[in-house]
Amino acid sequence: MKAINECDLVVVGAGMAGLAAAARASALGKRVCVLEKSGGPGGRMATRTKEDGCWDHGAQYFTARSPEFRAQVQHWLDEGLVAPWREPIAVWDGEQLSVSRSRERYVGVPQMKSPLVHRAAGLEVSYHTQVKQVQYSESGWTIETNHSQWRAHNLILALPAPQSQALLPVGSAAHALAASAIMEPCWAMLLDVEYPLNLPFAAAFVNEGFLCWIAHNNRKPERETGECYVLHATAEWSRAHLEASPEIVQAMMLEEFMRVLSNWLPGQQLPPVHVRYVHRWRFARATEHDARAAAVWPEQGLALAGDWLTDARIEGAYCSGVAAAIALLEFR
């Protein structure tokens, strides 16, 4: 028989949006539980650590524009959880390299997910908890998971739009909104090279071929020395190869990486490369959506949150989560 748990608010998803919502609700004195299907927090602010290296294979950095998020970033800076990433970033157009326009970029330290790991430590989070079904009644929400049942007056789904859509009742306004969002995939590859490439930049936006981003992960602040690289493929290529085997994706992305390197390092013998992992982000970012900070149905105690509702940036995810929590709890 499943255990039954009760709280004021259940948040599904322990990425930036979910943890921002949970932290704001908790600060307002509500009992909150976050349900997360994976073994830790972070969502697409992901870091993969292996014996031979460490890679931030999801979000690569973030910016801060709004006063609210800039204040949050300052707190993280004061706590030593993030740092500015001031290494040069290049742009490759297929013929020449130029310098990306200057802007404040930040990364989590010593891993991209570090600020979310810290935030989750102060909250009630149930990991390895897959939500199977949510049901609404006059008494509130019932959330069925793989091994437990939760009951709450309020529910925030802080998931990619298709995952929220799968849980919501067909015909509801929330279901229709989630269904209207179009999300693009991204294949990522993690590798290391046997000796330094000595590139004059830490990362590059690639605007030719099917790779869109190449980054030397060890040149982010407070990383160990090493030659670990992260490659991201374009949304178009990733969509065309969405169901391809990891072996095929690996071979094609590695060949493209070596081709790009041969343009950047003409006449040089390229070092041996060791691919450590390929990862498919099925829902990397939204390209079409009804832009808003959060989608809230306070009379039902329901809200959706996530960067897919805003501008596909980490800042958008944070602001969306905060807005969802405030809108729900002010009404209730």
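Here the structure is shown first, and the text comes after it.
Let me sum up the structure you'll find in this document. For clarity, every value in this text was computed on a predicted model and none was experimentally measured.

**A look at the environment of Ala-121**
Turning to step 1, where the next piece is worked out: Tracing the backbone shows Ala-121 in helix α3 (residues 114-121).
Turning to step 2, where the next piece is worked out: In this structure the C-alpha to C-alpha distance between Ala-121 and Pro-41, which are 80 residues apart in sequence, comes to 9.5 Å.

**Brief notes about the packing of aromatic side chains**
Turning to step 1, where the next piece is worked out: Evaluated as defined, the whole model comprises 15 aromatic pairs.
Turning to step 2, where the next piece is worked out: Between Phe-62 and Tyr-106, the aromatic rings sit 5.9 Å apart at their centres with planes inclined by 25°, giving stacked as the arrangement. Here the residue Phe-62 occupies a position in the loop between β4 (53-55) and α2 (67-79), and Tyr-106 occupies one in strand β8 (residues 106-108), the gap between them amounting to 44 residues. Each of the two residues, Phe-62 as well as Tyr-106, counts as buried.
Turning to step 3, where the next piece is worked out: Each member of the aromatic cluster is reached from another via a ring pair, and the members are Phe-62, Phe-69, Trp-76, Tyr-106 and Tyr-318.
Turning to step 4, where the next piece is worked out: The ring centre of Tyr-277 lies 3.7 Å from the NZ or CZ of Arg-48, which sits over that ring.

**Topic: the packing of helix α1 (residues 16-27) against α3**
Turning to step 1, where the next piece is worked out: At a minimum axis distance of 10 Å, the contact between α1 and α3 shows a crossing angle of 35°. Of the two elements, α1 crosses α3, and the hand of that crossing is left-handed. For the pair formed by α1 and α3, the contact residues are Met-16, Leu-19, Ala-20 and Ala-23 on the first element and Leu-116, Arg-119 and Ala-120 on the second.
Turning to step 2, where the next piece is worked out: When grouped by side-chain class, the residues that make up the contact of α1 with α3 number six nonpolar, no polar and one charged.

**Thoughts on the nonpolar core**
Turning to step 1, where the next piece is worked out: Core analysis: the biggest nonpolar cluster contains 49 residues, and Phe-62, Phe-69 and Ile-156 have the highest contact counts within it.
Turning to step 2, where the next piece is worked out: The leading source of residues in this core is helix α8 (residues 314-331), at nine residues.
Turning to step 3, where the next piece is worked out: If near-sequence neighbours (up to four positions away) are discounted, Phe-69 is found in contact with Phe-62, Thr-63, Ala-64, Trp-76, Ile-314, Glu-315, Tyr-318 and Cys-319.
Turning to step 4, where the next piece is worked out: Core analysis: the second largest hydrophobic core is formed by 29 residues, Val-12, Trp-141, Ala-174 and Leu-302 among them.

**Examining the pairing of strand β13 (residues 182-193)**
On a regular strand, each side chain points to the face opposite its neighbour's, so the side chains alternate between the two faces of the sheet.
Turning to step 1, where the next piece is worked out: Here β13 lies mainly inside the structure; eleven of its twelve residues are buried.
Turning to step 2, where the next piece is worked out: Sheet topology places β13 next to strand β16 (residues 228-233); five bridges connect them, and they run antiparallel. From the neighbouring strand, Asp-192 faces β16, where its bridge partner is Cys-228.

**Quick notes on α1**
Turning to step 1, where the next piece is worked out: Between its first and last C-alpha atoms α1 spans 16 Å; for twelve residues at 1.5 Å apiece the expected length is 16 Å, and the two agree.
Turning to step 2, where the next piece is worked out: Of all the residues in α1, the buried ones are Met-16, Ala-17, Gly-18, Leu-19, Ala-20, Ala-21, Ala-22 and Ala-25.
Turning to step 3, where the next piece is worked out: Gly-29 sits one or two positions beyond α1 and adopts a positive phi of about 90°.

**Concerning the state of the cysteines**
Turning to step 1, where the next piece is worked out: The tally for this structure, following the rule as stated, stands at zero disulfides.
Turning to step 2, where the next piece is worked out: The cysteine Cys-7 is free of any disulfide, with Cys-33 supplying the nearest cysteine sulfur at 5.8 Å.
Turning to step 3, where the next piece is worked out: Taking the relative accessible area as the measure of exposure, Cys-7 reaches 8% and is therefore buried.
Turning to step 4, where the next piece is worked out: Free of any disulfide, Cys-186 has its nearest cysteine sulfur in Cys-212, 5.5 Å distant.
Turning to step 5, where the next piece is worked out: When its relative accessible area of 10% is taken as the criterion, Cys-186 is described as buried.

**So, the pattern of salt bridges**
Turning to step 1, where the next piece is worked out: Per the counting criterion, the structure on display carries 15 salt bridges.
Turning to step 2, where the next piece is worked out: Between Arg-219 and Glu-87 there is a salt bridge whose closest N-O contact spans 2.7 Å. You can see Arg-219 sitting in the loop between β15 (211-216) and β16 and its partner Glu-87 sitting in the loop between β5 (82-84) and β6 (89-92), a full 132 residues away along the chain.
Turning to step 3, where the next piece is worked out: Judged by its relative accessible area of 22%, Arg-219 is partly exposed.
Turning to step 4, where the next piece is worked out: For the salt bridge of Glu-184 with Arg-239, the shortest nitrogen-to-oxygen distance reads 2.5 Å.

**Considering unusual backbone geometry**
Turning to step 1, where the next piece is worked out: Cis geometry is found at the peptide bond from Val-109 to Pro-110, where omega equals 0°.
Turning to step 2, where the next piece is worked out: Examined against the element boundaries, Pro-110 turns out to sit in the loop between β8 and α3.
Turning to step 3, where the next piece is worked out: The phi angle at Asn-198 is positive, at roughly 55°, despite the residue not being glycine.
Turning to step 4, where the next piece is worked out: Here the phi dihedral of Ala-312 falls at roughly 65°; this positive angle occurs in a residue that is not glycine.

Criteria and thresholds
- Residues numbered from 1 in each chain as written.
- Predicted model: local features only at pLDDT ≥ 70, side-chain atom pairs only at ≥ 80, totals over all residues.
- Heavy atoms only, no water.
- Helix = DSSP H or I, 4+ residues; strand = E, 2+ residues; numbered from the N terminus.
- Phe/Tyr/Trp six-rings, centres within 6.5 Å; stacked < 30°, edge-to-face > 60°.
- Buried < 20%, exposed > 50% of the residue type's maximum accessible area, 1.4 Å probe, protein only.
- Lys NZ or Arg CZ within 6 Å of the ring centre and 35° of its normal.
- Axes fitted to C-alpha atoms, helices over the stretch in contact; angles between N-to-C directions.
- Left-handed = near helix turned anticlockwise from the far one by under 90°.
- Contact = heavy atoms within 4.5 Å.
- Nonpolar A, V, L, I, M, F, W, Y, C, P; charged D, E, K, R; others polar.
- Core = buried A, V, L, I, M, F, W, Y, C linked by side-chain atoms within 4.5 Å.
- Pairing = 2+ DSSP bridges.
- Expected span 1.5 Å × (residues − 1).
- Disulfide = S-S within 2.5 Å.
- Salt bridge = Lys/Arg side-chain N within 4 Å of Asp/Glu carboxyl O.

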